[in-house]
Amino acid sequence: EEIQATPTMQKRAEIESQVETKTKESTLQLREQAKIDMREERRKNLEAIREIRTKQAHALHLLSIARADSQCKALSCFIRTKAGPPVFWAPKGAFKGKCTELLAVTQEELAKEWQEVKERLQGFRAEEVQAEEAYEAHR
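Below is a summary of the structure that appears in this document.

Once that is clear, we can look at the state of the cysteines. Summed over the entire model, instances satisfying the criterion amount to 0 disulfides. Cys72 carries a free sulfur, and the closest cysteine sulfur to it, the one in Cys77, is 10 Å from it.

Within the element layout of this structure, Arg80 appears in strand E1 (residues 79–80). Here Arg80 falls in the buried class, since its relative accessible area comes to 16%. It is 106 Å that separates the C-alpha atoms of Arg80 and Pro7, two residues lying 73 residues apart in sequence. Only 2.8 Å separates the side chain of Arg80 from the side chain of Glu113, close enough to count as a polar contact.

Summed over all chains, the structure comprises 11 salt bridges. As a salt-bridge pair, Glu51 and Lys55 come within 3.6 Å of each other at their nearest N and O atoms. Here Lys55 and Glu51 lie together in helix H2 (residues 7–75), a separation of 4 residues that amounts to about one turn. Overall, the relative accessible area of 56% leaves Lys55 in the exposed class. Overlapping salt bridges, with partners in common, bring together Arg80, Lys82, Glu109 and Glu113 in one network.

Relative to the 102 Å expected for 69 residues at 1.5 Å per residue, H2 spans 100 Å between its end C-alpha atoms, a close match to the ideal helical length. Along H2, the positions that sit buried rather than exposed are Ala57, His61, Ile65, Ala68 and Cys72. Where the residues of H2 are buried, they touch helix H3 (100–138).

Here the focus is the layout of surface pockets. Each pocket or cavity is described by its volume, and for the largest pocket that value is around 160 Å³. Those elements giving two or more residues to the lining of the largest pocket turn out to be H2 and H3. Taken together, the residues of the lining of the largest pocket sort by class into 7 nonpolar, 1 polar and 2 charged.

Turning our attention to the packing of H2 against H3. Two elements in contact, H2 and H3, have axes whose closest approach is 10 Å; the angle formed by their N-to-C orientations is 175°. Between H2 and H3, the crossing angle belongs to the class labelled roughly antiparallel. On the side of H2, the interface is formed by Arg50, Thr54, Ala57, His58, His61, Ser64, Ile65, Ala68, Asp69, Cys72 and Leu75, while H3 contributes Leu110, Ala111, Trp114, Val117, Leu121, Gln122, Arg125, Glu128, Glu132, Tyr135 and Glu136. Within the contact of H2 with H3, the residues separate by chemical class into 11 nonpolar, 5 polar and 6 charged.

This part is about the environment of Glu128. Counting through the fold element by element, Glu128 comes out in helix H3. Residue class for Glu128 comes out partly exposed when judged on its relative accessible area of 37%. Sequence separation between Glu128 and Ala57 is 71 residues, and the spatial gap between their C-alpha atoms is 8.5 Å.

What counts, and at which threshold
Residues numbered from 1 in each chain as written. Predicted model: local features only at pLDDT ≥ 70, side-chain atom pairs only at ≥ 80, totals over all residues. Heavy atoms only, no water. Disulfide = S-S within 2.5 Å. Helix = DSSP H or I, 4+ residues; strand = E, 2+ residues; numbered from the N terminus. Buried < 20%, exposed > 50% of the residue type's maximum accessible area, 1.4 Å probe, protein only. Polar contact = N/O pair within 3.5 Å; in protein donor to acceptor, adjacent residues only side chain to side chain. Salt bridge = Lys/Arg side-chain N within 4 Å of Asp/Glu carboxyl O. Expected span 1.5 Å × (residues − 1). Contact = heavy atoms within 4.5 Å. 1 Å grid on protein atoms, 1.4 Å probe; cavity = no way out; pocket = protein on both sides within 12 Å on 5 of 7 lines; lining within 4 Å. Points joined across faces, edges and corners; volume = space filled by probe spheres on them. Nonpolar A, V, L, I, M, F, W, Y, C, P; charged D, E, K, R; others polar. Axes fitted to C-alpha atoms, helices over the stretch in contact; angles between N-to-C directions. Parallel < 35°, antiparallel > 145°, perpendicular 65-115°, else oblique.

Right, here's the structure in full:
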């Protein structure tokens, strides 16, 4: 007790308390900086994910257009029946020359359907882009 009462020991206790206070403050600052860094990293990751999803949606859009186009081209070599569900068939032998008119009608119908599908897909994509832009504007 007498040793603690000396001015040197009081000064030492004061310095120790200051060191403890500074240590606590620096620890809190480090924790806060770590939180800020994690938030920033999370924000960057979410931004990268959003960008990847946008590119993925665009690629899927192009893929669906390409698939519809290839399907239309593949079916344009056949004649479609009027009954539902439609059946596609290819004439053989003697009927080949007589069915050119039916083949032309089928090709016209498929071209119209292809345009409708393409417009619908472009409409979906336009809606997606508009939603993405609205989200970015809202952020």
